[in-house]
Each structure stands twice: as structure tokens, then as C-alpha cells.
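# What the coordinates show
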Amino acid sequence: MGNIVQQDLLQQLEQLRQEAEAALTQANSTEATRTWHSEYLGRKGRLTGILRNLGSLPGEERPLVGKVANEVKTELENALQERQTAIAQAELEAARSAENIDVTLPGRPQTLGKLHPTTVTLREIYAIFTAMGFQIFNSPEVETDEYNFQLLNMPPGHPARDMWDTFYTDSPDLLLRTHTSPGQIHAMLAYAPEPVRVILPGKVYRYEQVTARSESMFYQVEGIAVGRNITFSDLKGVLTNFANQMYGEGRQMRFRKSYFPFTEPSVEVDIDCVLCGGKGCPICKYTGWLEILGAGMVHPVVLLHGGYDPVEFSGFAFGMGPERIALLKYGIDDIRYFYSNDVRFLERVG
Ligand code: PHE
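Basis of the calculations
Residues numbered from 1 in each chain as written. Predicted model: local features only at pLDDT ≥ 70, side-chain atom pairs only at ≥ 80, totals over all residues. Heavy atoms only, no water. Axes fitted to C-alpha atoms, helices over the stretch in contact; angles between N-to-C directions. Helix = DSSP H or I, 4+ residues; strand = E, 2+ residues; numbered from the N terminus. Parallel < 35°, antiparallel > 145°, perpendicular 65-115°, else oblique. Contact = heavy atoms within 4.5 Å. Nonpolar A, V, L, I, M, F, W, Y, C, P; charged D, E, K, R; others polar. Pairing = 2+ DSSP bridges. Expected span 1.5 Å × (residues − 1). Buried < 20%, exposed > 50% of the residue type's maximum accessible area, 1.4 Å probe, protein only. Patch = residues over 30% accessible without salt bridge, like charges linked within 9 Å, V, L, I, M, F, W, Y side chains within 5 Å. Areas by Shrake-Rupley, 256 points an atom, 1.4 Å probe, with all protein chains shown as cover. Salt bridge = Lys/Arg side-chain N within 4 Å of Asp/Glu carboxyl O. Near = heavy atom within 4 Å. Polar contact = N/O pair within 3.5 Å; in protein donor to acceptor, adjacent residues only side chain to side chain. Core = buried A, V, L, I, M, F, W, Y, C linked by side-chain atoms within 4.5 Å.

We now examine the packing of helix α1 (residues 6-26) against helix α4 (residues 62-99). Packing of α1 against α4 leaves a shortest axis separation of 10 Å and a crossing angle of 0 degrees. Taken as axis vectors, α1 and α4 run roughly parallel relative to one another. Between α1 and α4, the residues in contact are Q6, L9, L10, L13, L16, R17, A20, E21, L24 and T25 and L64, V65, V68, A69, V72, E75, L76, A79, L80 and R83, respectively. In the contact of α1 with α4, the residues fall into 14 nonpolar, two polar and four charged.

Spelled out as C-alpha cells, the structure:
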């Protein structure tokens, strides 16, 4: 290599500028502009390479080369900046058109979930009874034979057990409760000897043929009030108030004598048909009446099992099925819809 002179370096710089500018127009992506930058302006790039020779120039020739080098550098940096902005813009445009969003289209509506008809009905029942001073008491779905039957005055072999056949487990005596009535015992034992006034909602299970009218799992809401001087009139008053709030004022009610081992006397309670008002229709099977619950005065033996002295204390209890209430209210003709998880049903009802 001969002596390097100022002219050579200036020429090299000019050449670098031209080549770099030409190359930059070919760089079509952010990635490519980065490569371009390290090739021409990077620490090991060509501009640095040229300037490495600056030292071999006589002192007075250096400033001019340095000045030109700086100009070239600034110029190329500005060009790079411009190019990068243009590329970023183009990339954004490309991404946008690939996504193909038409911002003028109307939005897609979000479908909102809603409460299950059983939940809605349960909440209505809670509101009515809590306003009458009842508290909500939870009791287990898995019960013992003792609580589901014996303490409710149904010793082993009692014929009434046939009405409440259930699912048994491998553990002796452990079963799925057939009604919320064992909760009566739990509640009484929790409160005795203080008075108690609670409702007990929850799932119950029956070993039964599943039909339009009966499921193997459904809900019940039990109620129990025990204290001094509680009479059948209190039961009638509470239930009449409930029916009027649940089904509308002016309901006709009918208390029919019935039998449950854990209440004495026992009744089944009907309201005049919500559909035909008592004239007779398919819903009420042309009787004009709809059965809504079972009830009665707590049997003295059951009071005793709950920790109360039946001479001093008395009480009433009732049990109702919220699905039945929802069936009547929404005009549903098959109880199996409730738990088959068909959203079309859930969307339509409630
Ligand atoms: N447990 C009864 C049933 O499942 C209903 C009931 C509850 C009756 C409380 C009287 C008192 O049929």
C-alpha cells in the first residue's frame, strides 16, 4: 500500500456515502436496516475502517477528512432514521390490513349469564322468610341413617321409610339425605334450649325413576320454628304470608290432613291454581288446587331428639320444593329441564 493521501480518504468517504445510500434503499425491513447500520456505521463498519487511516495523514490534513467523515456519518444516520420510520409505518400498515378489522362494523354483543331459575326461586324464598325473622341454616347433604330417619321418628323397619328411598354409600349408615328434615335436628341441637326459627335450603336425593315429575336430585327448603306457645295458627299465618308474597296477594289456601312421622298433626298445603284461579285446568289436573308443601307441628319425640322438653316447647316445621314453585311460576312442564344443562332452557326461563 502506497502512501495514503487526503484525496484518497475523501474519495473513499464519498464512495462510502453513495454505496451506503444505495444499499439503504434496498433495506426493506427493520432487521435489514440493522444489518446495514453495522455494515456501514457500526464499530467494525466501513466508516470506522476508513477513519482508522486518519493517523497516517500529516497533521494539517486530518481536520478536513474528519469534518467530511462527520458529515457523511450524520447524513447516513439521518437517512437511516427516515428509512426506519418509513419501514415501521409500512410494517404497521401491513399488520393492520392482515388483521382486516373493519372498525365500522357494529360490535359483537357479549352474552350475559343469568341466574338459574332454581337460584332465582331460592333467593325469593330467602327474602320472604328472612323478613319474617327466619335465619338460614346449612346442614349436610351426606347424612347418617340416624339423622335422615331415626331421629325423625322413623326407626329401622318403619314403613314410612319407603317414601324416602335413597342412595346408600359403602360406609354403613352413611347416605344421601332424602329430605332437608334431618336439618331440623341439627338446627334444634344448635339452638336448644333457646328458641329457634330457621329455614334450611339445599339439595336432596331420591332413589327414584326419573320422570317429567320427579328427579333423583332436587332442592328443598325446610323451615322450623320452636319456642314456647307456638301453635298451628302460627304455622298457618307464616305459610299464608309466604304464599301471598310468592304467588300474589289473595291466594286461597287449603290445609289438607296428611301424615309425616316427624309432625303431628301433619298437613299438605295447596294454593288455588295459579293458572286457572281454581276453575280447573291441565296444570292442576282439573282439581283447581296445587300442592306446594308438607308441614305440621313438630312431633314431641322429634322435639325431644332436638333437645327440647315437649311439655314446655312446641314448634312447627314445613318443607317445600323450589323447583315445583319455579315449574308453576314459569309454566315448565318437565322437571328434567332444570339440571340437564341445556342453555336454551336456561336462556328462556327466568
Ligand atoms: N320432609 C318432608 C318431605 O320430604 C316434607 C316435610 C317437612 C313435611 C317438614 C313436614 C314437615 O316430603
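The next thing to look at is the sheet that holds strand β5 (residues 217-227). One key point about sheets: their strands pair by backbone hydrogen bonds, in either a parallel or an antiparallel sense. If you walk across this open sheet you meet the seven strands as β1-β4-β5-β9-β8-β7-β6, and the pairing is mixed. Since the sheet does not close on itself, it has two edges, and those belong to β1 (135-136) and β6 (253-260), each with one partner. On the sheet, helix α10 (residues 322-330) packs against β5, β8 (289-298) and β9 (314-320) and is oriented at approximately 115 degrees with respect to β5.

Here the focus is α4. Each full turn of the α-helix corresponds to 3.6 residues, which orients residues three or four apart in the same direction. Helix length check: α4 (38 residues) gives 55 Å between terminal C-alpha atoms against 56 Å at 1.5 Å per residue, within 8%. The complete set of buried residues in α4 reads V65, A69, V72, L76, L80 and I87. Those residues of α4 that are buried lie in contact with α1, α2 (30-40) and α3 (46-51). Positive phi shows up at N100, right after α4, with a value of about 60 degrees.

A surface patch of nonpolar side chains, about 250 Å² in accessible area, is lined by V274, L275 and I283. Mapped onto the elements, L275 comes out in the loop between β7 (263-272) and β8. For L275, a relative accessible area of 60% gives the class exposed.

With that settled, the discussion passes to the pattern of salt bridges. Tallying each qualifying case throughout the model produces 16 salt bridges. D270 is the partner of R254 in a salt bridge, and the nearest nitrogen-oxygen pair spans 2.9 Å. Here R254 is found in strand β6, whereas its partner D270 is found in strand β7, with 16 residues between them in sequence. You can call D270 buried: its relative accessible area is 1%. Between R336 and D334 there is a salt bridge whose closest N-O contact spans 2.8 Å. Using a relative accessible area of 14% as the deciding quantity, one classes D334 as buried. It is possible to trace a salt-bridge network through shared partners that takes in R254, R256, E268, D270 and E291.

Right, let's get into the site of the ligand. What surrounds the ligand is a group of 15 residues, the closest being H179, S181, R206, Q220 and E222. Take S181: an N or O atom from its side chain is 2.8 Å from a nitrogen atom of the ligand. Compared with its free state, where it exposes 330 Å², the ligand has 91% of that area covered by protein. Secondary-structure elements contributing two or more residues to the shell around the ligand are β5, β8 and β9. Along the lines of polarity and charge, the residues of the shell around the ligand split into six nonpolar, seven polar and two charged.

This part takes up the nonpolar core. As a rule of thumb, nonpolar side chains are buried together in soluble globular proteins. Core analysis: the largest hydrophobic core is formed by 36 residues, its most contacted members being F129, F134, F242, F316, F318 and M320. Within the residue set of this core, elements represented by two or more residues are α5 (117-131), β5, α8 (232-247), β7, β8, β9 and α10. It is α8 that contributes the most residues to this core, seven residues altogether. M154, V198, Y308 and F313 belong to the second-largest nonpolar core, a separate cluster that totals 25 residues.

So, about the pairing of strand β4 (residues 196-205). Looking along a regular strand, one sees side chains alternate from face to face of the sheet. Extensive coverage of β4 is indicated by the burial of eight of its 10 residues. Where β1 and β4 come together, two bridges link them in parallel fashion. For Q135, the partnering residue across the bridge sits in β4 and is V198. Where β4 meets β5, 10 bridges bridge the pair, whose relative direction is antiparallel. Counterpart to V204 in the pairing with β5 is F218.

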